[in-house]
Amino acid sequence: MNTYYAANLLIFAGVDIIACLALNLQFGVSGVVNFSFIVFQAAGAYAAALLSMPPDTAPDYSFQIYVGGYQLPFPLPWIGGAIVGGLLALPLGLVVLRRLRADYQAIALLVTSIIANTVINNARPLLNGAAGLALVPQPLDGLVNTSTNSYQYLYVGLTAVSVAVVWFVAARIVNSPYGRTLRAMRENELAASALGKNPTALKMTIFVVGGAIAGLSGAILVGFLQVWAPSTWLYPETIILFAAVIVGGRGNNVGAILGALLVPVGFEEVTRLLGRMNIGPPNLIPALEWVCIGLLILGFLWFRPKGVVPEQRRVFPGAPAVEEETRWVVGKRAH
């Protein structure tokens, strides 16, 4: 039991870290308020499930209805989940990011999240409707015994490798000239446009990259849970990830990781343990959890908007009032 609990905690922590790194690239670094983030994680989970499951005509799977079912070996379902997450970002980004202002983009993405969940919830022939998908094969199923403690450690290792890969990609983006351009666009989109940068192209690129990383996090999660349903990806789940990025420090990969450990993992784990103590009515602790998350976001935005680990603001010598990102964009324009 202790092994399962520890593995469960570590895998969820890895999934949340990957998701927060993706959201930090979009929201923290680029300023794209993606309130539909959970949709991309769900798309990756559904894609990974369909790529690893047999057709719904198989004897053990005939109780559910879904399209596809390809029984692809690991790691193809995880790769497919990431690809589907990135591909989903293309049409959505083209519709939302091109002509809408930032505040309207956030509203449109939030509405998209609600619409997507409602459609999947009611269109049973697509992905089994509200009942969701069950009996999703775990990675390496058939090659190793997935019911042993050693497999739990193996899954933790696979998740850790995925976290390392995503961390490497996110760090390369944040510390590159492209990352400095994204931060310049976030600080002043109009000024970046005047200096020859294309904000729509910049947002689209990071929207696709973030969608692919979100899809990977969903693929990892569904492989561990072996079930996925619309009730697991309601739009409030995105708010928890936003809270993690805000608390940890937006624009900072280290802050995103710290926020993932503090909010989705630590905060929710504490409330889950409190729920087992039978304090008050049955739904008191889950309700208070959302109240506390809202207060946490408001408190940090009011008293410490830069988060626990603020984003580093590097400046050039002799020009302390001008940030590196803006000066870099100006320099590129001048040359």
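Predicted model only: the values in this text are computed from it and were never measured.

Caption draft 1: Focus on the nonpolar core. Judged by nonpolar contacts, the single largest core of 80 residues is most densely connected at Leu 133, Phe 207, Trp 228 and Trp 233. Sorting elements by how many residues they give to this core places helix α1 (residues 2-29) first, with 13 residues. Setting aside residues no more than four positions away along its own chain, Leu 133 makes contact with Tyr 46, Ala 49, Leu 50, Met 53, Gln 64, Tyr 66, Leu 127, Asn 128, Gln 226, Val 227 and Trp 228.

Caption draft 2: Inspection of the packing of aromatic side chains at higher detail. According to the stated counting rule, one finds 10 aromatic pairs in the structure shown. A ring pair is formed by Phe 74 and Trp 78, whose centres lie 4.9 Å apart and whose planes are at 90°; its orientation type is edge-to-face. Trp 78 sits in the buried class, given a relative accessible area of 7%. With centroids separated by 6.1 Å and ring planes inclined at 70°, the aromatic side chains of Tyr 151 and Tyr 155 adopt a geometry described as edge-to-face. Of the two residues, Tyr 151 and Tyr 155 are both situated in helix α6 (residues 149-174); the distance of 4 residues between them amounts to about one turn of the helix. With respect to burial, Tyr 151 and Tyr 155 carry one shared label: buried.

Caption draft 3: Spatial organisation of the pattern of salt bridges. Per the stated rule, a full pass over the model turns up 5 salt bridges. Glu 189 serves as the salt-bridge partner of Lys 203, at 3.0 Å between the closest nitrogen and oxygen. Here Lys 203 is found in helix α9 (residues 199-225), whereas its partner Glu 189 is found in helix α8 (residues 189-194), with 14 residues between them in sequence. What makes Lys 203 buried here is its relative accessible area of 5%. Its relative accessible area of 36% is what places Glu 189 among the partly exposed residues. Here the residues in one salt-bridge network are Arg 183, Arg 186, Glu 187 and Glu 311, joined through shared partners.

Caption draft 4: Representation of the packing of helix α3 (residues 76-96) against α9 in the model. Running from N to C, α3 and α9 cross one another at 145°; their axes reach a closest spacing of 7 Å. The two elements α3 and α9 meet at a crossing, and its hand is right-handed. On α9, the residues that touch Pro 77, Trp 78, Gly 81, Ala 82, Gly 85, Gly 86, Ala 89, Leu 90, Leu 92, Gly 93 and Leu 94 of α3 are Met 204, Phe 207, Val 208, Gly 211, Ala 212, Gly 215, Leu 216, Ala 219 and Ile 220. Among the residues forming the contact of α3 with α9, the class breakdown is 14 nonpolar, 6 polar and no charged.

Caption draft 5: Molecular detail of a nonpolar patch on the surface. A cluster of nonpolar residues, Val 67, Leu 100, Tyr 104, Ile 107, Val 111, Ile 115, Val 119 and Leu 126, forms a patch on the protein surface that exposes about 670 Å² of accessible area. Within the secondary structure layout, Ile 115 lies in helix α4 (residues 102-122). Its relative accessible area of 48% is what places Ile 115 among the partly exposed residues.

Quick notes on the rules
- Residues numbered from 1 in each chain as written.
- Predicted model: local features only at pLDDT ≥ 70, side-chain atom pairs only at ≥ 80, totals over all residues.
- Heavy atoms only, no water.
- Core = buried A, V, L, I, M, F, W, Y, C linked by side-chain atoms within 4.5 Å.
- Buried < 20%, exposed > 50% of the residue type's maximum accessible area, 1.4 Å probe, protein only.
- Helix = DSSP H or I, 4+ residues; strand = E, 2+ residues; numbered from the N terminus.
- Contact = heavy atoms within 4.5 Å.
- Phe/Tyr/Trp six-rings, centres within 6.5 Å; stacked < 30°, edge-to-face > 60°.
- Salt bridge = Lys/Arg side-chain N within 4 Å of Asp/Glu carboxyl O.
- Axes fitted to C-alpha atoms, helices over the stretch in contact; angles between N-to-C directions.
- Left-handed = near helix turned anticlockwise from the far one by under 90°.
- Nonpolar A, V, L, I, M, F, W, Y, C, P; charged D, E, K, R; others polar.
- Patch = residues over 30% accessible without salt bridge, like charges linked within 9 Å, V, L, I, M, F, W, Y side chains within 5 Å.
- Areas by Shrake-Rupley, 256 points an atom, 1.4 Å probe, with all protein chains shown as cover.

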